[in-house]
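Read off the chains here:
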Amino acid sequence: MKFLPALIVISLLSIKSNGQNATVKKLNAPDTVGENSFLEVFQNRSSAHEFSSEPLSDEILSEILWAANGVNRPESGKRTAASALNAQDVDIYVFEAEGTYLYDYKEHALKMISDTDGRTFFLGSQYEELPPLVFLLVSDVSRFSFGTEEMRLEWAAIDVGLVAQNIMLYCAWRDLAARPRSLMEHEKVIELLQLTESKHALLNIPVSKKK
Ligand SMILES: Cc1cc2nc3c(=O)[nH]c(=O)nc-3n(C[C@H](O)[C@H](O)[C@H](O)COP(=O)(O)O)c2cc1C
């Protein structure tokens, strides 16, 4: 019984350290400038307010698409972005001046859907210059093997967010202008891409060089 007071003190200490009165633990400041610091990418991440119409290279386009949702484990066919139930529900469409394409992640290739320039479906005349690339993230909720409609829509939004952040971080790394946007002319997009009911166009991301 002589250990009882000591036990009580230890218990009280642990309550204090886990409870609301716990002392604040200061974290290290992010090293965003160190050589090859990955944190610099997060420091640079922001949504652009203006875009340049200058073309971007195929190298950049290829890297954005692979970073966004390419295959990074060929043995399992898994992707750079996680997806609920590994449904791989997010498709990426690319809108350029000369047409609209679907990213074929298996072939790491772009398949032309239309020769229409649909970039204004997203941006209208909001910006002085049209960016050369607009990525559209579409979730096909029929790919989830189970789940109520509500659950599927929740997973779709989360999965699209993960792909979007891959694009945003890639752009921050390459010092490109990018902005995730949910506004778009849905009817025109659905018609151009012939989207069926299970395919939800959730987010578009214009990308360009910085002005
Ligand atoms: C889900 C989502 C939807 C958004 N939709 C739009 C949009 O339709 N139009 C727009 O200009 N920006 C849109 N944004 C960008 C936000 O306005 C922007 O992220 C916010 O102002 C914070 O700025 P920051 O990204 O530079 O931190 C959206 C962002 C998110 C995450």
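Attention here is on the structure that accompanies the text. Just so it is clear, the structure is predicted and the values come from calculations on it, not from any experiment.

**Focus on helix α5 (residues 149–173)**
With 25 residues, α5 should reach 36 Å at 1.5 Å per residue; the first-to-last C-alpha distance of 36 Å fits that figure. At the C-terminal side of α5, D175 shows a positive phi close to 60°.

**Here's the deal with the layout of surface pockets**
What the largest pocket holds in volume is close to 160 Å³. In terms of lining residues, the largest pocket is bounded by 14 residues, among which S46, A48, L176, A177 and K210 are the most central. Where the lining of the largest pocket is concerned, the elements lending two or more residues are α5 and β7 (176–178). Looking at the lining of the largest pocket residue by residue, the classes come out as 7 nonpolar, 4 polar and 3 charged.

**A word on the site of the ligand**
Looking at the ligand, the residues that line it are R45, S46, S47, R179, P180, R181, S182, L183 and L203. One of the side-chain N or O atoms of R45 is found 2.8 Å from an oxygen atom in the ligand. For the ligand, an oxygen atom lies 3.0 Å from a polar atom in the backbone of L183. Protein coverage of the free-state accessible area of the ligand, which is 620 Å², stands at 51%. A breakdown of the residues in the shell around the ligand according to their chemical character gives 3 nonpolar, 3 polar and 3 charged.

**Section: the nonpolar core**
Counting 28 residues, the largest nonpolar core has F135, L137, I167 and V207 as the members making the most contacts within it. Sorting the residues of this core by element identifies α3 (58–69), β3 (90–96), β4 (99–104), β6 (133–140), α5, β7 and β8 (199–209) as the ones contributing at least two each. Counting residues per element, this core draws most heavily on α5, which supplies 7 residues. Filtering out sequence-adjacent residues up to four positions away, I167 remains in contact with I64, A68, F135, L137, I205 and V207. In terms of nonpolar packing, the next biggest core, distinct from the first, is built from 18 residues, Y127, A177, V189 and A201 among them.

**Quick look at the pattern of salt bridges**
All told, the structure shown has 11 salt bridges when counted by the stated rule. Notably, a salt bridge pairs R174 with E63, separated by 2.6 Å at the nearest N-O pair. Residue R174 is located in the loop between α5 and β7, and its partner E63 is located in helix α3; the two are separated by 111 residues in the primary sequence. Among the residues examined, R174 registers a relative accessible area of 31% and is labelled partly exposed. Put simply, K111 and D104 hold a salt bridge, and the shortest N to O gap is 2.9 Å. Residue K111 is classed as partly exposed on the basis of its relative accessible area of 46%. When its relative accessible area of 16% is taken as the criterion, D104 is described as buried. What you see here is one network of salt bridges that share partners, running through E59, E63 and R174.

Basis of the calculations
- Residues numbered from 1 in each chain as written.
- Predicted model: local features only at pLDDT ≥ 70, side-chain atom pairs only at ≥ 80, totals over all residues.
- Heavy atoms only, no water.
- Helix = DSSP H or I, 4+ residues; strand = E, 2+ residues; numbered from the N terminus.
- Expected span 1.5 Å × (residues − 1).
- 1 Å grid on protein atoms, 1.4 Å probe; cavity = no way out; pocket = protein on both sides within 12 Å on 5 of 7 lines; lining within 4 Å.
- Points joined across faces, edges and corners; volume = space filled by probe spheres on them.
- Nonpolar A, V, L, I, M, F, W, Y, C, P; charged D, E, K, R; others polar.
- Near = heavy atom within 4 Å.
- Polar contact = N/O pair within 3.5 Å; in protein donor to acceptor, adjacent residues only side chain to side chain.
- Areas by Shrake-Rupley, 256 points an atom, 1.4 Å probe, with all protein chains shown as cover.
- Core = buried A, V, L, I, M, F, W, Y, C linked by side-chain atoms within 4.5 Å.
- Buried < 20%, exposed > 50% of the residue type's maximum accessible area, 1.4 Å probe, protein only.
- Contact = heavy atoms within 4.5 Å.
- Salt bridge = Lys/Arg side-chain N within 4 Å of Asp/Glu carboxyl O.

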